[in-house]
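Letter by letter, the chains look like this.
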Amino acid sequence: MKTTYMNPYLAGFLLGLVLLATIVITGRGLGASGALKSAVVATVSGIAPQHAHESKFYSENLKSLHDNPLKAWLVFEVLGVIIGGFFSGIVSDRLTFTTERGPRITNSMRLGFALIGGLLFGMGAQFARGCTSGAALSGMAVLSTGGIITMMAIFGTGYAVAYFFRRLWI
Amino acid sequence: MFPLVPNLISEELNLIVALLIGIAFGFVLEQAGFSSSKKLAGVFYGYDFTVLRVFFTAGVTAMCGVIILGYLGWLDTDFIYINPTYLEAAILGGVIMGFGFIIGGYCPGTSIAGMAIGKIDAMFFVGGGLIGVFLYAELYPWFEGITNASFLGNIRIFNSIGISQGLFGFLLIAVAVGAFIMTTMIEKKINPDGPVKMFNTMHHRLAGIGVLVLGAALLFLPDYKERLFQEVSAPEYLRTNSVNEMTADELVFRIIDRDPKISIIDIRTPEEFSKTLLPGSVNIEIKQIFQKEFSEVLGNRHKKKIFVANDETEARTGALIAQRLGYENISILCGGLPKLIRSAIELKPEGERCIFNSSADGNKQEIALRVDALQVKDTERFRAKASVILAAMMKEAKNSGTKSTKLVKKVAGGC
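Numbering of residues starts from 1 in every chain and runs along the sequence as written. For this description, chains carry letters from A and ligands carry numbers from 1, given in the order in which they are written. This being a predicted model, a pLDDT of at least 70 is required before a residue's local features are given, and a value of 80 or more before pairs of side-chain atoms are given or counted; all residues contribute to the totals for chains, interfaces and linings. In computing side-chain properties, one takes all heavy atoms of the structure into account and sets aside hydrogens as well as water.

(A) Focus on the overall build of chain A. In DSSP terms, a helix is any run of H or I states spanning at least four residues, a strand is any run of E spanning at least two, and both are numbered starting from the N terminus. Broken down by element type, chain A carries 9 helices and 0 strands. Overall, chain A shows an N-to-C arrangement of helices and strands of α-α-α-α-α-α-α-α-α. Its C-alpha atoms give chain A principal-axis dimensions of roughly 50 × 40 × 35 Å. Here the analysis covers contacts within chain A between residues at least 6 apart in sequence; of these, 54% occur between residues at least 24 apart. Carbon and sulfur atoms form 68% of the exposed surface of chain A, whose accessible area is close to 7,000 Å². Charge counting follows a simple rule: Lys and Arg are positive, Asp and Glu are negative, and His as well as the terminal groups are ignored. A single reference atom marks each charge: NZ on Lys, CZ on Arg, CG on Asp, CD on Glu. When the 13 positive and 6 negative side-chain charges of chain A are each reduced to one mean point, those points stand 11 Å apart. Contacts are assigned to residue pairs that have any heavy atoms within 4.5 Å of one another. The Shrake-Rupley method, run with a 1.4 Å probe, gives the accessible areas here. Residue values count only the displayed protein chains as cover.

Structure (structure tokens):
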């Protein structure tokens, strides 16, 4: 499938405007991993309320999300991302169920690695209080020291270890 | 002044805003090609630098917007969410995420965009993300220590390295443009059929130069607050703009009388404030006058706000800033606080007469002097009595600690 994407600088400029609008209107940045956290907190407190009550992590997060983890800003924003991404897929005719992988691995290997990568990202984002969107990108926009350190750590590590994982991609 | 949340947009409306912003975010991510893990991973192998281009351009665009709107005074940068800095956790989290990126081929935001158009690997990545959060949550007792170690506050990078915001902005833009040029050359070598093939070199060069010029302009943009502060403290401005004044005697009388219609705003540093303070005074450093959390105190129209500082010029500067910000009913203490203490407590008055701004007050001044002459005995008696009471009240105020001001709710944020 041959598709054309937007010029990256134009896309970056538009993304920057979206981020700027977010900061100007709401005073906060964009995010993504926070919605995953909300989903986990909601699920665990739904299934095992006793456990959630006893655990410091869940109870603290429940408190900061006013006991309603799904009614959070980032949950709504991520729902929007799904809608917006889907809409873009229609516009550019890219809606298909596929798995992308490097030429030297199988589909199921790729899915396994995607799961592991997601797992690491989910954990790492808890330490860094945000992922590429919430900590690195939004942090860079407001020139937060922590956000920029996290950004450098993400990409620095990526480059440092890329060689060892080259079989996955090239 | 922006941001609109939390004072102008309700929590419910903010969720609708979130949905709309998310739609725009998701659309742009997908259009940029961030729904494709192969494209994303390309940044680490040199065959496709889309991630770097989009990411850096977006970050720089938003940063320029924040700096420029801050300069214009439209965006209150004290009020937006600045990601807090926990040193160890920022590095550790980033390293773990770096591994996650190269192994998984996505990051959370992009995986959600990929999922939206049917990428199965993206769905697995999102599933993995949920498991990762769950594991972290269950192991939190082990991770809590390092997650919360070395909290440095909501610090900003230009302060951390000790340069101006504008200079940092310019350097970041220069680094970005340099990286764009370099990665384009690398990509041309490794993958001549990659995205670079589509680029219009001429347009890109012009845009690069334009961005660098804009970046250079940032160097000359101080923050709105810096700018206002400089403007107001210029001698010319101080001379031509008047502020109401209150004599030390009147202020002392009102303090002893426990006049509910005044509030004393002490604009000295917290250290000075903790050493000597007037009873009932609130410490708002001169640079804090801008902060919204003090708008309740400063914006109370029913009270006369008396600005107190080490000298009259300092108080006048603070009062003029407050007036520029729209606060009303403001006066300053004549002569400054040290002088008040010398005259009211140590009873060593030193010809305390306010600097009158206009000559029209000449007549008034004369009358005041005559009245003073008649009342000089009363005044002395008052001062003698007042000094004892005031000294006791000041001692009490100092012992009861500095008055803490109520904080207005801040913007929440982060992932």
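(B) Structural detail: helix α1 (residues 11-32) of chain B. The span one expects for a helix is its residue count, reduced by one, times 1.5 Å. Under the 1.5 Å per step criterion, the end-to-end length of α1 of chain B is 31 Å for 22 residues, consistent within 8% with the ideal 32 Å. A positive phi of about 95° marks Gly33 of chain B, the residue just after α1 of chain B.

(C) Region of interest: the interface of chain B and chain A. Taken residue by residue, the interface counts 132 residues in chain B and 120 residues in chain A. In this description, buried area is defined as the sum, over both parts, of the accessible area (probe of 1.4 Å) that is lost when the two are combined. Roughly 11,000 Å² is buried in total at the junction of chain B and chain A, and carbon and sulfur atoms are behind 75% of that figure. A pair is scored as a salt bridge if a Lys or Arg side-chain nitrogen falls within 4 Å of a carboxyl oxygen belonging to Asp or Glu. The tally of links between chain B and chain A comes to 5 salt bridges. Between Glu144 of chain B and Lys56 of chain A there is a salt bridge, with its nearest N and O atoms 2.3 Å apart. Considering every element that reaches the side of chain B that touches chain A, the biggest residue donor is α1 of chain B, with 19 residues. Along the lines of polarity and charge, the residues of the side of chain B that touches chain A split into 86 nonpolar, 35 polar and 11 charged. Classes in brief: Ala, Val, Leu, Ile, Met, Phe, Trp, Tyr, Cys and Pro nonpolar; Asp, Glu, Lys and Arg charged; the others, Gly included, polar.

(D) Fine view of the pattern of salt bridges. Per the counting criterion, the structure on display carries 15 salt bridges over all chains. Through salt bridges with shared partners, a single ionic network connects Glu245, Glu312 and Arg316 of chain B.

(E) Structural context of the packing of helix α5 (residues 108-116) of chain B against helix α6 (residues 120-138) of chain B. All names here are of chain B. Running from amino to carboxyl end, α5 crosses α6 at an angle of 135°, the nearest separation of the two axes being 8 Å. The angle between α5 and α6 places the two elements in the oblique class. The way α5 lies across α6 gives a crossing that is left-handed. Counted together, Pro108, Ser111, Ile112, Gly114 and Met115 of α5 and Ala122, Met123, Phe125 and Val126 of α6 form the full contact between these two elements. An axis is simply a line fitted to the C-alpha atoms; with a helix, the fit covers only the stretch in contact. Between two such axes, the angle follows the N-to-C directions and lies from 0 to 180 degrees. Each angle is binned into one of four classes, with values under 35 degrees roughly parallel, values over 145 roughly antiparallel, values of 65 to 115 roughly perpendicular, and all other values oblique. In a left-handed crossing the near helix is turned counterclockwise from the far helix by less than a right angle, and in a right-handed crossing that turn is clockwise.

(F) Representation of helix α11 (residues 224-233) of chain B. Residues and elements named next belong to chain B. Taken residue by residue, α11 has Lys225, Leu228 and Val232 as its buried positions. Buried residues in α11, looked at end-on, bunch into an arc of 65°, giving them a common side. Those residues of α11 that are buried lie in contact with α12 (235-240) and α16 (312-324). Burial status follows relative accessibility: with a 1.4 Å probe on protein chains alone, a residue under 20% of its type maximum counts as buried, one over 50% as exposed, and anything between as partly exposed. Directions drawn from the helix axis to the C-beta atoms are what define this arc.

(G) Structural view of empty space enclosed by the protein. Any residue with an atom within 4 Å of a point lines the site, the site being either a cavity, points on a 1 Å grid over the protein atoms alone where a 1.4 Å probe fits but cannot get out, or a pocket, an open set with protein on both sides within 12 Å along at least 5 of 7 lines. Grid points are joined across faces, edges and corners, and a volume is the space filled by probe spheres set on the points. Applying the stated rule across the entire model yields 5 cavities of 30 Å³ or more. Considering only enclosed or pocket space, the largest cavity measures out at about 130 Å³ in volume. In terms of lining, the largest cavity is formed by 15 residues, of which the most central are Thr132 of chain A together with Phe34, Phe55, Cys107 and Thr110 of chain B. Partitioned by chemical class, the residues of the lining of the largest cavity number 11 nonpolar, 4 polar and no charged. Taken as a whole, the second largest cavity spans an internal volume of roughly 80 Å³. For the second largest cavity, the full set of lining residues is Phe127, Ala128, Arg129, Ala135, Gly146, Gly147 and Thr150 of chain A together with Asn83, Pro84, Tyr86, Ala89 and Ala90 of chain B. Elements with a contribution of two residues or more to the lining of the second largest cavity: α6 (107-128) and α8 (145-162) of chain A together with α4 (87-104) of chain B.

(H) Here's a closer look at unusual backbone geometry. With a phi close to 55°, Asp93 of chain A is a non-glycine residue in the positive phi region. Judged by relative accessible area, Asp93 of chain A falls into the exposed class, the value being 61%. Backbone geometry at Ser150 of chain B places phi at a positive 45°, although glycine is not the residue there. Turning to its location among the elements, Ser150 of chain B is positioned in the loop between α7 (140-147) and β2 (151-153).

(I) The arrangement of a nonpolar patch on the surface in detail. Patch definition: residues with relative accessible area over 30% and no salt bridge; like charges joined within 9 Å; nonpolar side chains (Val, Leu, Ile, Met, Phe, Trp, Tyr) joined within 5 Å. Residues Phe86, Phe87, Ile90, Val91 and Leu95 of chain A make up a contiguous nonpolar surface patch of about 470 Å² in total accessible area. The residue Phe86 of chain A is located in helix α5 (residues 73-91) in this model.

(J) Representation of the pairing of strand β7 (residues 330-333) of chain B within the structure. Residues and elements named next belong to chain B. Side chains Ile330 and Ile332 project from β7 onto one buried face, and the interleaved Ser331 and Leu333 project onto a second face that is buried too. Here, strands pair whenever DSSP counts at least two bridges between them. In terms of strand pairing, strand β3 (residues 244-246) meets β7 through 3 bridges, oriented parallel. For Met246, the partnering residue across the bridge sits in β7 and is Leu333. As paired strands, strand β6 (residues 304-308) and β7 are joined by 3 bridges and run parallel to one another.

(K) The arrangement of the sheet that holds β7 of chain B in detail. Residues and elements named next belong to chain B. Across the sheet, which stays open at both edges, the 5 strands sit in the order β3-β7-β6-β4-β5 with parallel pairing between neighbours. Looking along the sheet, the strands with just one partner apiece sit at the ends: β3 and β5 (282-283). Packed on one face of the sheet, α16 meets β3, β6 and β7 and runs near 170° to β7.

(L) How the structure looks around the domain arrangement of chain A. All names here are of chain A. The domain boundaries assigned to chain A delineate domain 1 (17-96) and domain 2 (99-170). Put simply, the middle of domain 1 and the middle of domain 2, counted by C-alpha atoms, are 19 Å apart. In this assembly, 9 residues from domain 1 lie in contact with 10 residues from domain 2. Carbon and sulfur atoms supply 70% of the area that domain 1 and domain 2 bury against each other, a total of about 630 Å² over both sides. Residue ranges for the domains trace back to a domain assignment, done automatically or taken from a database.

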